[in-house]
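# Analysis of the macromolecular model
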Amino acid sequence: MSFEPKILGILCNWCSYAGADLAGTARLQYAPNLRVVRVMCSGRVDPSLVFKAFQSGADGVLIAGCHPGDCHYQSGNYKTMRRFELLKRTVGQLGIEPERVRLEWVSASEGERWQSVVNDMTAKVRALGPFVPSSRALGAEAASAGGEP
Amino acid sequence: MPTAPAAEPRVGVYVCHCGTNISGKVAVEDVAKYAASIPGVTVARDYKFLCSDPGQEMIIKDIREQKLNRVVIASCSPRMHEPTFRGACFRAELNPFLMAMANIREHCSWVTADSAAATDKAKALIRGAVARAKKLEPLKAKEVQVNPATLIIGGGIAGIQAALDIAKAKRKVYLVERDPSIGGHMAKFDKTFPTLDCAACILTPKMVSVAQNKNIEMLTYSEVDEVSGYIGNFKAKIRRKTRLVDEKKCNGCGACWGACPSRIVPRKRRILIGDQPIPVRATPEPAGAVPKPGVGELAQKLRQDCQKRIDEKPGKHACDLCGLCIRMCRDVVGAGVLGMEKVGEGEKPPKVIAAKNPEKCISCGACAQVCHAAHIRVEPVDGAVIRHDELLLGPNTAIALPFMQAVPPVPVIDREACIHFKTGGCTVCRDVCEKQAIDFAAVDTFREIEFGSVITATGFKTFDAKRLAAYGYGKLPNVVTAMEFEQLNNASGPTGGRIQMANGETPKSVAILHCVGSRDRNYNEHCSRVCCMMALKYAHLVHEKTGAEVYDLYIDMRCFGKGYEEFYNRLLEEGVFFIRGRAGEVTDFPIYEEERGKLIVRCEDTLVGSIRRIPVDMVVLMTGLEPAVGADAVQHLLTMSRSRDGFFLEQHPKLAPVATPTDGVFIAGTCQGPKDIPDTVAQASAAAASALALSILGKVEIEPITAEVIAEKCSGCRLCNTMCPFTAIKFDEVKKVSVINDALCKGCGTCVAACPSSAIRGRHFTDGQLIDEIEMVCS
């Protein structure tokens, strides 16, 4: 059987989650590999959430928020944008291919864009193959992230 | 800080069939069986429609009998039914925030082709939701007071209707309008379809009611610069652009525009002395004039003098060197272009009026106004009698009303056209204003207002027909847009409602082209809804007023409203030529003799099945509707979303058409999507009712999803302080920790993610809740 990746999507409530809802309402078919966790704003995405996903068996993580300028909280997505650059560098240092993490802007009206983002991400992670947590550093990082009440 | 109940979690999982919407793809019985095996789950059931009364009753019964302390609903999007199921929990005396949802419809059954994959995905999402539910904490919704006032952005018919409805309930309304007058597009309409009653007759009484209503504060010629706050408690900064005329002093007498020597149109014009044109300069040399006292009186005296001479000797005749033009140009305008020039020798040489300083001429045309001999004239550079894109409904002066029924009847000085701002001289309007309302140095002022809800009614703009080059708009005279044709038709317009071509003649044949910039993937995919009926209205008016042949080129005739189909049938009987086919091109290049001097509309007549060339005198482009200029700025001010067509996105396309994702912000009229006047008015009343519901209750519950700093963990690094876009985080200098103001926090969680010590908890989205959910979703 061919490899089917598991991908985590962390979506902001206002734009991307609504955009994914719209893809549903429009019955746009896409790969079933991505599972969504909702947050209020992409600015809520703590890098430790991403590490936790990889530790728990994800092969890729997609963060999706409002387009720059459209943030429901004015500027949360700009913070996400800045953090994401650091995150990409950090995952590389932890032995995770940077292509396994991705940041996309999907608005509430972009159902078709959501469909293509998920399909594209699934295809790319599938091509990368399963994520094998070989790095020592990842284990340590994710364990400390899980310690909160 | 709310503590989790000490008891072991007892989770009830409910899997909805949603008819066959979910069960058609997801094996719901199997999923429910699987859910029952997840540790901590006490009961798991599947049900046809969980949102139905019996569905909710089932959940309530389980919560009571099985002593459930957590509920997971696997159904549609939480954006749809979260309030429904929170309500069910509340009725069962379970804290509503102890309920989690798994979106197995929009994110699963509807988007997955393979049944087994959909079932697997549903299981994973439920696993995640159960893990999240176990970590949920009871929260208490915050109740806040609601400021009873409403801000309405946009003073078109939607804004006017909403304002009047709210004011009727004796609640305060701030009506902010960008233009000098309220009325919007409707004020520019002549007739309205299908009844053909005059727009002004039905609109102006409403406009006047707005002005007279004590509960409505009109802020015209103003823009919303900033908005802050949240439902019930908004604040805004309004920029009151200066008209250079004091709204409080002006009584709309009209003395100023009656006296103004400057003209706005034709925009491209030149001055002719005899037959000698003064060369037009893009940037005339500054005259450096200073306002002289008494120019108002002087200008009036010169005009009277001129009138007297006309009465004595009417008609065009030779220049008699009266010199009024020189005095006008030198003493009133301040440009000093004109003078006497000797054209011969001798003691008393013959003289003529000439442009001595042509580089200073601003083509204002003041000289021509006082030339009783019509020796000096102003003419458009292209020689057109009518320029369809320059039709004014108000006075053709630099200080003017946008149209004569403007509310408030306070003029605005157009700095681009005003002589004072070009030469430094001319203060005629200021001098003639008895109320002393005019101040050339006035600047924009700002006003802070507070309100509890917002109605956005920013309307539309029409498609720029220049983008569709094949129809020749902007290049071919007599190709006009729908709004231009409306103004041409308008009884209070410059032609008095006569339909005229650029050369002033009445057209003998007119083609009306539907769907210009609508239903066209190259421009706008959406249907603009009103243009078919508007086209029929024009077809009728052209027929009635001119007797011309009318060709109406349509894709589909969409006459959907009350009395609309009947109107179409009436037009069929009136003898309009309806051609089913979109026009491909409008050209002035003739092939046949009868096409010479005409506009040729090339199209495919799809009912006949042939390509046709239709020679006509005039072409009306039914330009489609697009979101208004500045819609993006309003979107960002109020953190709204827009749908793919660019119009504001409603909370639900069918069931919440006037609400938006931002609580307390409503939308009405064409800013939500193209619609006609009846639909706009209906939606405006609906938005008014929604705003009133808030202000009459006087309080509203808001989501308790906010962040809190755990003081013992906070190191006082202040990293979060700058993160917050709402300045909700302050540093406590005594305790040396950061503190979050719960009233200002909107719960985005950006600070939570930023805190290096994990000292900030984001309620309802805690690290623990998210990490457990992620772990189970990914496993």
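Above: the structure in question.
Nothing here was measured: the structure is a model prediction, and the numbers come from that model.

What counts and what doesn't
Residues numbered from 1 in each chain as written. Chains lettered and ligands numbered in written order. Predicted model: local features only at pLDDT ≥ 70, side-chain atom pairs only at ≥ 80, totals over all residues. Heavy atoms only, no water. Helix = DSSP H or I, 4+ residues; strand = E, 2+ residues; numbered from the N terminus. Buried < 20%, exposed > 50% of the residue type's maximum accessible area, 1.4 Å probe, protein only. Contact = heavy atoms within 4.5 Å. Areas by Shrake-Rupley, 256 points an atom, 1.4 Å probe, with all protein chains shown as cover. Lys, Arg positive; Asp, Glu negative; His and termini not counted. Charge placed at Lys NZ, Arg CZ, Asp CG, Glu CD. Disulfide = S-S within 2.5 Å. Phe/Tyr/Trp six-rings, centres within 6.5 Å; stacked < 30°, edge-to-face > 60°. Lys NZ or Arg CZ within 6 Å of the ring centre and 35° of its normal. Pairing = 2+ DSSP bridges. Axes fitted to C-alpha atoms, helices over the stretch in contact; angles between N-to-C directions. Parallel < 35°, antiparallel > 145°, perpendicular 65-115°, else oblique. Left-handed = near helix turned anticlockwise from the far one by under 90°. Nonpolar A, V, L, I, M, F, W, Y, C, P; charged D, E, K, R; others polar.

A few words on the overall build of chain B. Within chain B, the regular secondary structure consists of 21 helices and 37 strands. Oriented by its inertia axes, the alpha-carbon framework of chain B measures out at about 120 × 80 × 45 Å. In chain B, buried positions account for 56% of the 779 residues. When contacts within chain B are restricted to residue pairs at least 6 apart in sequence, long-range pairs at least 24 apart make up 71% of them. Roughly 33400 Å² of accessible area belongs to chain B as shown, and the carbon and sulfur atoms make up 52% of that amount. Between the centroid of the 99 positive side chains of chain B and the centroid of its 90 negative side chains there is a distance of 3 Å.

As a further point, take the state of the cysteines. Enumeration over the complete set of coordinates arrives at two disulfides over all chains. C15 of chain A shares a disulfide with C66 of chain A; S-S distance 2.4 Å. Its torsion about the S-S bond being 100°, the disulfide of C15 of chain A and C66 of chain A is classed as right-handed. Here C15 of chain A, found in the loop between strand 1 (7-12) and helix 1 (16-25), pairs with C66 of chain A, found in the loop between strand 3 (60-65) and helix 3 (76-93); they are 51 residues apart in sequence, far enough to count as distant. Judged by its relative accessible area of 3%, C66 of chain A is buried. For C198 of chain B, the disulfide goes to C201 of chain B, at an S-S distance of 2.0 Å. Classification of the bridge connecting C198 of chain B and C201 of chain B rests on its S-S torsion, roughly 100°, and on that basis the disulfide is right-handed. With no disulfide of its own, C364 of chain B lies 6.2 Å from the sulfur of C367 of chain B, the closest cysteine sulfur. Between C720 of chain B, a free cysteine, and C717 of chain B, which holds the nearest cysteine sulfur, the sulfur-to-sulfur gap is 6.2 Å.

Right, let's talk about unusual backbone geometry for a bit. Residues and elements named next belong to chain B. The linkage connecting V265 with the following residue, P266, adopts the cis geometry, with an omega of -5°. Mapped onto the elements, P266 comes out in the loop between helix 8 (255-259) and strand 13 (269-273). Residue V407 is joined to P408 through a cis peptide bond whose omega torsion reads -5°. For P408, the location among the structural elements is in the loop between strand 18 (399-400) and strand 19 (412-413). We note that K170 has phi near 60°; this positive angle belongs to a residue other than glycine. By the element assignment, K170 lies in the loop between helix 6 (157-168) and strand 7 (173-176).

Here we take up helix 2 (residues 47-56) of chain A. Residues and elements named next belong to chain A. Counted residue by residue, helix 2 has eight buried out of 10 residues, so it is predominantly covered. Those residues of helix 2 lying buried are S48, L49, V50, F51, K52, A53, F54 and S56. Backbone geometry just downstream of helix 2 places G57 in the positive-phi region, at approximately 120°.

Scanning all chains against the criterion turns up 13 aromatic pairs over all chains. Ring centres of F560 of chain B and Y564 of chain B lie 5.6 Å apart, and the angle between their planes is 70°; this geometry places the pair in the edge-to-face category. The rings of W14 and Y73 of chain A together with F726 of chain B are connected pair by pair, giving a single aromatic cluster. Taking the ring centre of F189 of chain B as reference, the NZ or CZ of K537 of chain B above it sits at 5.4 Å.

Here we come to the sheet that holds strand 29 (residues 610-616) of chain B. All names here are of chain B. Read from one edge to the other, the open sheet built from three strands follows the order 27-28-29, with strand pairing classed as antiparallel. Looking at strand neighbours, the two that pair on one side only are strand 27 (583-587) and strand 29, the edges of this open sheet. Going across the sheet, the axis of each strand differs from the next one's by a mean of 20°, ignoring polarity.

Within the secondary structure, C778 of chain B sits in helix 21 (residues 767-778). With 531 residues separating them along the chain, C778 of chain B and E247 of chain B place their C-alpha atoms 64 Å apart. Leaving out residues up to four positions away in the same chain, C778 of chain B has contacts with K6, L8, A53, S56, G57 and A58 of chain A.

It is worth spelling out the packing of helix 2 (residues 53-65) of chain B against helix 3 (residues 78-91) of chain B at this point. Residue and element names in this part refer to chain B. One can describe the packing of helix 2 onto helix 3 by two numbers: an axis separation of 9 Å at closest approach and a directional angle of 40°. When the axes of helix 2 and helix 3 are compared, the pair comes out oblique. Once helix 2 is placed against helix 3, the crossing between them reads as right-handed. Here helix 2 contributes Q56, I59, I60, I63 and R64 to the contact with helix 3, which in turn contributes T84, F85, A88, C89 and R91. Taken together, the residues that form the contact of helix 2 with helix 3 break down as six nonpolar, two polar and two charged.

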